[in-house]
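# Commentary on secondary and tertiary structure
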Amino acid sequence: MEKIYVNTGSRPYYIYIIENNWEPLITALSSCVKSKKFFVICDENVYPLYYPTLDKLLTKHEYEHNVVVIPPGESSKSLECANYLYTEALNAHLDRQSTIIALGGGVVGDISGFIAATYMRGIGFIQIPTTLLAQIDSSIGGKVAVNHPAAKNIIGSFYQPNLVYINVNTLNTLPKREFVGGMAELIKYGYIWDIEFLNWIEKNIDSILSLNTNTLIHAIRRACEIKSHIVERDEKEEGLRVILNFGHTIGHAIEAATNYKTYIHGEAIALGMVYEAKLANRLSLIEQTYVYRLIQLLEKCSLPTKLSGIDSSLLIDKMSLDKKNRGGNIIFILPTGAGAVDLYTDIDNTLLHEVLST
Ligand code: ADP
Ligand code: ZN
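The structure displayed is predicted, hence computed values, not measured ones. In this convention, every chain numbers its residues from 1, walking through the sequence in written order. Here the convention is simple: chains get letters from A, ligands get numbers from 1, in the order in which they are written. Per-residue local features are limited, in this predicted model, to residues with pLDDT of at least 70; the limit for side-chain atom pairs, both in listing and counting, is 80 or more; totals at the level of whole chains, interfaces and linings are taken over all residues. Where side-chain values are given, they derive from all heavy atoms of the structure, hydrogens and water being excluded.

## Brief notes about the nonpolar core
Here is a general trend for soluble globular proteins: nonpolar side chains tend to be buried in one another's company. Under the convention used in this document: The definition of a nonpolar core used throughout is a set of buried Ala, Val, Leu, Ile, Met, Phe, Trp, Tyr and Cys residues joined through side-chain atoms within 4.5 Å. The rule is simple: take the accessible area with a 1.4 Å probe, protein chains only, and divide by the maximum for that residue type; under 20% is buried, over 50% is exposed, in between is partly exposed. Strands here mean DSSP runs of E at least two residues long; helices mean DSSP runs of H or I at least four residues long; both are numbered from the N terminus. Domain ranges listed in this record stem from an automatic or a database domain assignment. Residue contacts follow a heavy-atom distance rule, with two residues in contact if any of their heavy atoms lie within 4.5 Å.
Counting residues in each nonpolar core, the largest one holds 80 residues, and the members touching the most others are Ile15, Phe179 and Met183. At 10 residues, helix α10 (residues 265–282) tops the list of elements feeding residues into this core. Among the domains, domain 1 (2–173) and domain 2 (176–356) are the pair contributing at least three residues each to this core. The residues contacting Ile15, other than those within four sequence positions of it, are Glu2, Lys3, Ile4, Val6, Ile140, Val164, Ile166, Cys224 and Ser228.

Dropping the structure here:
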C-alpha cells in the first residue's frame, strides 16, 4: 500500500494506492469523514463491477449508504443530471455531515465533486477512481465541473476531496482503449516534470501495458506525486499548474473540431503533445529527436500520432475559444528540454498552420 499526502491549502488529504483490497478504505474513511452516512454515485458500467463489494464493506461496518446510478459517458456531466442527483440526495436525507463517494471514472468524479461542492454549500467528498485517467489525473487536484451545451467544464469549482482511494486492480476490467487513453496523461508527466520517470516508463512500457500490478503501482504513485506536487504549489491554476496543459491546447481543439466523437480525451492529448512538440521544434526549443522519441512511445501504446482530415483553420478557431487564453492570446505549454515546459502566447499563425498541416 502506498500513501501520498496532498497538502493543498484549502484541504489536505491522502491518496491511497492499493492492490486489490478494499478493507483499508474503512480505516481511511474513519479518519476523514464527519458521520457514517454516505451517498455513492457511479455509472451503469461500474455499478455491477465494483458496487457490490463496496456495498458489502459499508454494510459490514454499519455505514449507512445509498447509491445512485447514472448513464455512462460525458452526457451525464450536465446540469440536468446534477439536478437529478440533488433530488436523490435530498430523498436520501443527506445532511451537512454526510459524504459523497464517487465510484468510477472522470465523468462520475467530476459530477460527484460538483454535487459535493454545492449541495448545502459543500459536504464530504471521497474519490474512488476506476480509470487510469481518473487515478492519475482527474481525481487529484479538486477540479469539479459539469458541461454547458456550448462549452465543456464551464460550470464548476475547485473542491478538494477528503480522500482518494485507488485500487489499481480495477484497471483489469477497463476497456483497453480507455486504459491507453490514460497512458497519454502518464507520459505527459514525464515530459513536463520528470525525465527520469519518462526513462522508466519507456523501459517498463510492456509491463505497464500488460497491467503488471507492481509496475502499475509504481507508475500511478509517481504520477500522483507529480500532480500533487504541482497542485500543492498552485491549487487554483494561477501559475505553475498551467503546465499540466501540455498537449491540451491542440488536444482540446481536436476534440472540439471532431465534436468529441472521433477521439477519447487521451487520444486527442497524444496528438496534441505531438503537434505541440513539433511546434516547439520549429521554434528551436527542442531537437527533432525529442519529437521522434515522443511519437515512438505513443505509438508503442497504440495512441494516434498523426492528424488527418481536420482543417487547420478549424483547429485554430477552436483554440481561440480555449478558456485558458489570456487577453485574446492562445496559450501554449511547449517543451523546452528534457522534462521541462514553458508557457508561450505569441505564436505566429502561419507557423501554426504549417505545423498543423504536417
Ligand atoms: P475518464 O475517466 O476517461 O474521464 P469515464 O468516466 O467516461 O472516463 O469512463 C470511461 C468509460 O469506462 C465509461 O464507459 C465507464 O463506465 C467505464 N469504466 C470506468 N471504470 C471502469 C472499470 N474499472 N472497468 C470497466 N469500465 C470502466
Ligand atoms: Zn487531460
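Right, picking up where we left off after that structure.
## Topic: the site of ligand 1
Which entries qualify depends on this criterion: One heavy atom suffices: a residue is near a molecule or strand as soon as one of its heavy atoms comes within 4 Å of it. In protein, a polar contact requires one atom able to donate a hydrogen and another able to accept it; more generally it is a pair of N or O atoms within 3.5 Å, and residues adjacent in sequence count only if both atoms are side-chain atoms. Per-residue accessibility takes into account occlusion by the displayed protein chains alone, with areas from the Shrake-Rupley method and a 1.4 Å probe. Put simply, Ala, Val, Leu, Ile, Met, Phe, Trp, Tyr, Cys and Pro go in the nonpolar bin, Asp, Glu, Lys and Arg in the charged bin, and everything else, Gly too, in the polar bin.
Close to ligand 1 lie 17 residues; Asp43, Gly106, Thr130, Thr131 and Thr173 are nearest. Between ligand 1 and the protein, one listed contact pairs an oxygen atom with a side-chain N or O atom of Asp43 at 2.6 Å. Contacts to ligand 1 include Leu174, whose backbone N or O atom sits 3.5 Å from a nitrogen atom. Considered on its own, ligand 1 offers 570 Å² of accessible surface; in the complex 86% of this is hidden by protein. Of all the secondary-structure elements, those providing two or more residues to the shell around ligand 1 are α2 (46–60) and α4 (106–118). Sorting elements by how many residues they give to the shell around ligand 1 places α2 first, with 3 residues. Partitioning the shell around ligand 1 into residue classes produces 8 nonpolar, 7 polar and 2 charged.

## Quick look at the pattern of salt bridges
As a reminder of what qualifies: The salt bridge criterion pairs a side-chain nitrogen of Lys or Arg with a carboxyl oxygen of Asp or Glu, the two atoms within 4 Å.
Enumeration over the complete set of coordinates arrives at 17 salt bridges. When the shortest N-O distance is used, the salt bridge between Glu185 and Lys188 registers 2.9 Å. Residue Glu185 and its partner Lys188 are located together in helix α6 (residues 176–193), separated by 3 residues, close to a single helical turn. As far as the burial class goes, Glu185 and Lys188 line up, both buried. Close ionic contact of Glu232 with Arg233 constitutes a salt bridge, the shortest N to O distance being 3.7 Å. Linked through salt bridges whose partners overlap, the residues forming this network are Glu2, Asp194, Arg221, Arg222 and Glu225.

## Description of the packing of aromatic side chains
Applicable threshold: Aromatic contacts are taken between Phe, Tyr and Trp rings whose centres are within 6.5 Å, Trp giving its six-membered ring; a plane angle under 30 degrees counts as stacked, one over 60 as edge-to-face, and the others as tilted. By definition here, charges over rings are those cases where NZ of Lys or CZ of Arg is within 6 Å of the ring centre and within 35 degrees of the ring normal.
Tallied over the entire structure, the rule returns 8 aromatic pairs. When the centroid spacing of 5.9 Å and the interplanar angle of 25° are considered together, the rings of Trp22 and Tyr165 count as stacked. Taken together, the residues Trp22 in the loop between β2 (13–18) and α1 (24–30) and Tyr165 in strand β9 (residues 163–167) connect sequence positions 143 residues apart. On the basis of relative accessible area, Tyr165 is assigned to the buried category, the value being 0%. Note on Phe197 and Trp200: the rings are 6.0 Å apart at their centroids and 15° apart in plane angle, and the pair reads as stacked. Taken together, the residues Phe197 and Trp200, both in helix α7 (residues 195–209) and 3 residues apart, mark about one turn of the helix. One aromatic cluster is present, formed by Tyr5, Tyr14, Tyr16, Trp22 and Tyr165 through successive ring pairs. A cation over an aromatic ring shows up here: Lys3 above the ring of Tyr14, its NZ or CZ 4.6 Å from the ring centre.

## As for the coordination of the zinc ion (ligand 2)
Six octahedral donors at a metal ideally form angles of 90 or 180 degrees, and four tetrahedral donors ideally form angles of 109.5 degrees. Quick note on the threshold: Water is not among the atoms examined, so metal sites may look incomplete; donors are the N, O and S atoms within 2.8 Å of the metal, or within 3.2 Å for Na, K and Ca.
The protein atoms that coordinate the zinc ion (ligand 2) are Glu185 (OE), His248 (NE2) and His265 (NE2), at distances spanning 2.0 to 2.1 Å. In the primary sequence, the donor residues of the zinc ion (ligand 2) line up as E-x62-H-x16-H. In this pair, Glu185 is assigned in helix α6 and His265 in helix α10, connecting sequence segments 80 residues apart. Classification of His265 as partly exposed rests on a relative accessible area of 22%.

## Comments concerning the domain arrangement of the protein
So the rule is basically this: When two parts are brought into contact, each loses some accessible area as probed by a 1.4 Å sphere; the total of that loss over both is the buried area.
Each assigned domain of the protein is listed here: domain 1 (2–173) and domain 2 (176–356). Between the C-alpha centres of domain 1 and domain 2 there is a distance of 26 Å. Taken together, the contacts link 29 residues of domain 1 with 28 residues of domain 2. Summed over both sides, the interface of domain 1 with domain 2 buries roughly 2600 Å², with 67% coming from carbon and sulfur. The largest share of the area that domain 1 buries against domain 2 comes from Leu132, Ile136 and Phe158, three residues that together contribute 23% of it. The tally of links between domain 1 and domain 2 comes to 3 salt bridges. Lys227 is the salt-bridge partner of Asp137, the closest N and O atoms lying 2.7 Å from each other. The tally of links between domain 1 and domain 2 comes to 9 residue pairs in polar contact (both at pLDDT 80 or more). Looking at the side of domain 1 that touches domain 2, the elements that each hand over two or more residues are β1 (2–6), β2, α5 (132–138) and β8 (151–158). Here the residues of the side of domain 1 that touches domain 2 sort into 14 nonpolar, 10 polar and 5 charged.

## What about the sheet that holds strand β5 (residues 99–104)?
As a reminder of what qualifies: By definition, two strands form a pair when at least two bridges between them are found by DSSP. Axis definition: a line fit to C-alpha positions, over the contact stretch in the case of helices; interaxial angles, taken between N-to-C directions, run 0 to 180 degrees.
Taken in spatial order, the 7 strands line up as β1-β2-β9-β6-β5-β3-β4 in an open sheet, and their pairing is mixed. In this open sheet, the two strands that pair with only one neighbour each are β1 and β4 (64–70). Sheet twist, expressed as the average angle between the axes of neighbouring strands with direction ignored, equals 15°. One ladder, built from 5 bridges, connects strand β3 (residues 37–43) with β5; its direction is parallel. Bridge pairing in β5 links Phe39 to Ile100. Across the sheet, α4 is in contact with β3, β4, β5 and β6 (124–129); its angle to β5 comes to roughly 170°. Sheet contacts for helix α8 (residues 213–233): β1, β2 and β9; angle to β1, the most-contacted strand, approximately 10°.

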